[in-house]
Amino acid sequence: MRFETRSVHVGVDKDSAYLSATTPIYPSSTFRWDDLETNRGFDYTRSGNPTRAALEENIASLEGGTQCRATCTGMAAITAAVHLFKAGDHVVAGHDIYGGTYRLFADVFPQLGIDFTFVNQQNLDDVRAAIRPNTKGLWIETPSNPLLNCVEIAALTEIARGSNLTSIADNTFLSPCLQRPMEHGVDVVVHSTTKYLNGHSDVVGGCVVTKDEERGERIAYVVNALGLGCSPFDAWLVLRGIKTLGPRMEAHQRAAAAVANFLWEHPAVEHVYYPGLPTHPHHELAKKQQDGFGGMLSFDVKGGRAEAEKVLTGTKLFQLAESLGGVESLLEYPETMSHASMTLEARREAGITEKTIRLSCGIEHPDDLVEDLKQALEA
Ligand SMILES: *Cc1c(COP(=O)(O)O)cnc(C)c1O
């Protein structure tokens, strides 16, 4: 089955009693045993739940993995994935990763003895140079947030294999519809399903996808032990959202392309960061490694914070809010919002300035989105 068909069908059929067309929600915290040795595959919802299992089967198929665990947030998924490592281990990560991931890696896991080095992964020599005898992992996020830098996944996983590192990719920004890191050698994929997979801004969730038995079992163990699994209701919503992932991603990127082209030509705009623009430094790489350019883009206004603020508070359709990947368009200010948890120094090092605005283009008509930005820029 092809991607869109799998989105609609894989894992969904869980009702042998009434043959319902959609997966039932099983809110039960516990499940009866037939006898002292036998249950029907589920005993307690922290450990497993039929509705959550339906979602996990679905996402594993879309990412090209064999196992998936659905978690209560994206950060919970990342927490579970980092538990593939232990105290004394070291992980090399990109320098312009999601702000919350940066906080976890810079502040929380080091206190538990797992250390991270942040490097510009476009420079493969810097990646190689950061690898130490105790390095066990390579953390990849592409395109990056918020500047949409792309790194070559296949080149990075080749380095990882050469040094026996577990490679983990955060695939939130493109979703498996537009990029499947496992096809480029990645061992583990994580998502914030809050974003494109659910797609309707009404759930926070995450998932960890694996392809080898050993890591899959470890992630399942950790998610159960730490209690990171998502609720049956949330699993049901994400599964419902995923059914339209293909058509939604097409609409998101149609809107983003129109907005990027408009902004590129606008005299009040200094720079546009969108891999779909031929002027983007990683346009060719994105074309090769991705099946599309996605719905996210950022731009720098001419001027400074005041000029950025005018746009950020002047739009009528684009809502001033964090998060991304929902059907409604959002815009936000990395400096004080999504990336406030990075130090000023780290933001500047990553290229985030006072003029940078991030857009999540929804599935509204592209012309309405362009008109909205035009009036905000020209007000
Ligand atoms: C939002 C996001 C996360 C964190 O997910 P939550 O669901 O908010 O916990 C991680 N990585 C990326 C790239 C994100 O956009």
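Look up a bit, the structure's there.
Residues numbered from 1 in each chain as written. Predicted model: local features only at pLDDT ≥ 70, side-chain atom pairs only at ≥ 80, totals over all residues. Heavy atoms only, no water.

> Can you tell me about the site of the ligand, naming the residues and giving the values?
Around the ligand, the surrounding shell holds 13 residues, and the nearest of these are Met75, Asp170, Ser192, Thr194 and Lys195. In this structure, an oxygen atom belonging to the ligand sits 2.9 Å away from a main-chain N or O atom of Met75. In the model, an oxygen atom of the ligand is placed 2.8 Å from a nitrogen or oxygen of the Ser192 side chain. Taken by itself the ligand offers 380 Å² of open surface, and the protein chains cover 92% of this. Per-class residue counts for the shell around the ligand are 4 nonpolar, 6 polar and 3 charged. (Near = heavy atom within 4 Å. Polar contact = N/O pair within 3.5 Å; in protein donor to acceptor, adjacent residues only side chain to side chain. Areas by Shrake-Rupley, 256 points an atom, 1.4 Å probe, with all protein chains shown as cover. Nonpolar A, V, L, I, M, F, W, Y, C, P; charged D, E, K, R; others polar.)

> For the packing of helix α2 (residues 50–63) against helix α9 (residues 232–242), give the residues involved together with the corresponding values.
The geometry of α2 relative to α9 is characterised by a closest axis approach of 8 Å and an angle of 35° between their N-to-C directions. When the axes of α2 and α9 are compared, the crossing they make is left-handed. Residues Thr51, Arg52, Ala54, Leu55, Asn58, Ile59 and Leu62 of α2 form the contact with α9, whose participating residues are Pro232, Ala235, Trp236, Val238, Leu239 and Ile242. (Axes fitted to C-alpha atoms, helices over the stretch in contact; angles between N-to-C directions. Helix = DSSP H or I, 4+ residues; strand = E, 2+ residues; numbered from the N terminus. Left-handed = near helix turned anticlockwise from the far one by under 90°. Contact = heavy atoms within 4.5 Å.)

> Please set out the environment of Ala225 residue by residue, giving values where relevant.
One can find Ala225 in helix α8 (residues 213–226). A C-alpha to C-alpha distance of 8.7 Å links Ala225 and Arg46, two positions 179 residues apart in sequence.

> Can you tell me about helix α6 (residues 153–162), naming the residues and giving the values?
Inspection of α6 places Ile153, Ala155, Leu156, Thr157, Ile159 and Ala160 among the buried residues, and these make up the whole buried set. Those residues of α6 hidden inside the fold are in contact with α5 (124–130), β4 (135–141), β5 (166–170) and α11 (283–289). Positioned one or two residues after α6, Asn164 has a phi angle of 60°, which is positive. (Buried < 20%, exposed > 50% of the residue type's maximum accessible area, 1.4 Å probe, protein only.)

> Describe in detail the packing of helix α3 (residues 74–82) against helix α4 (residues 99–108), supporting the description with residues and values.
The N-to-C vectors of α3 and α4 enclose an angle of 35°; their axes lie 11 Å apart at closest approach. Considering how the two elements wind past one another, α3 and α4 form a crossing that is right-handed. For the pair formed by α3 and α4, the contact residues are Met75, Ile78, Thr79 and Val82 on the first element and Gly100, Thr101, Leu104 and Phe105 on the second. Among the residues making up the contact of α3 with α4, the classes are represented as 5 nonpolar, 3 polar and no charged.

> Could you give an account of the environment of Ser231, naming the residues involved and the relevant values?
As for its placement among the helices and strands, Ser231 is situated in the loop between α8 and α9. Exposure remark for Ser231: the relative accessible area of 29% places this residue in the partly exposed category. In the structure, Ser231 is positioned 185 residues away from Arg46 in sequence and 8.6 Å away in space, judged by C-alpha atoms. Looking at Ser231, its side chain comes within polar contact range of the main-chain nitrogen of Asp234, at 3.0 Å.

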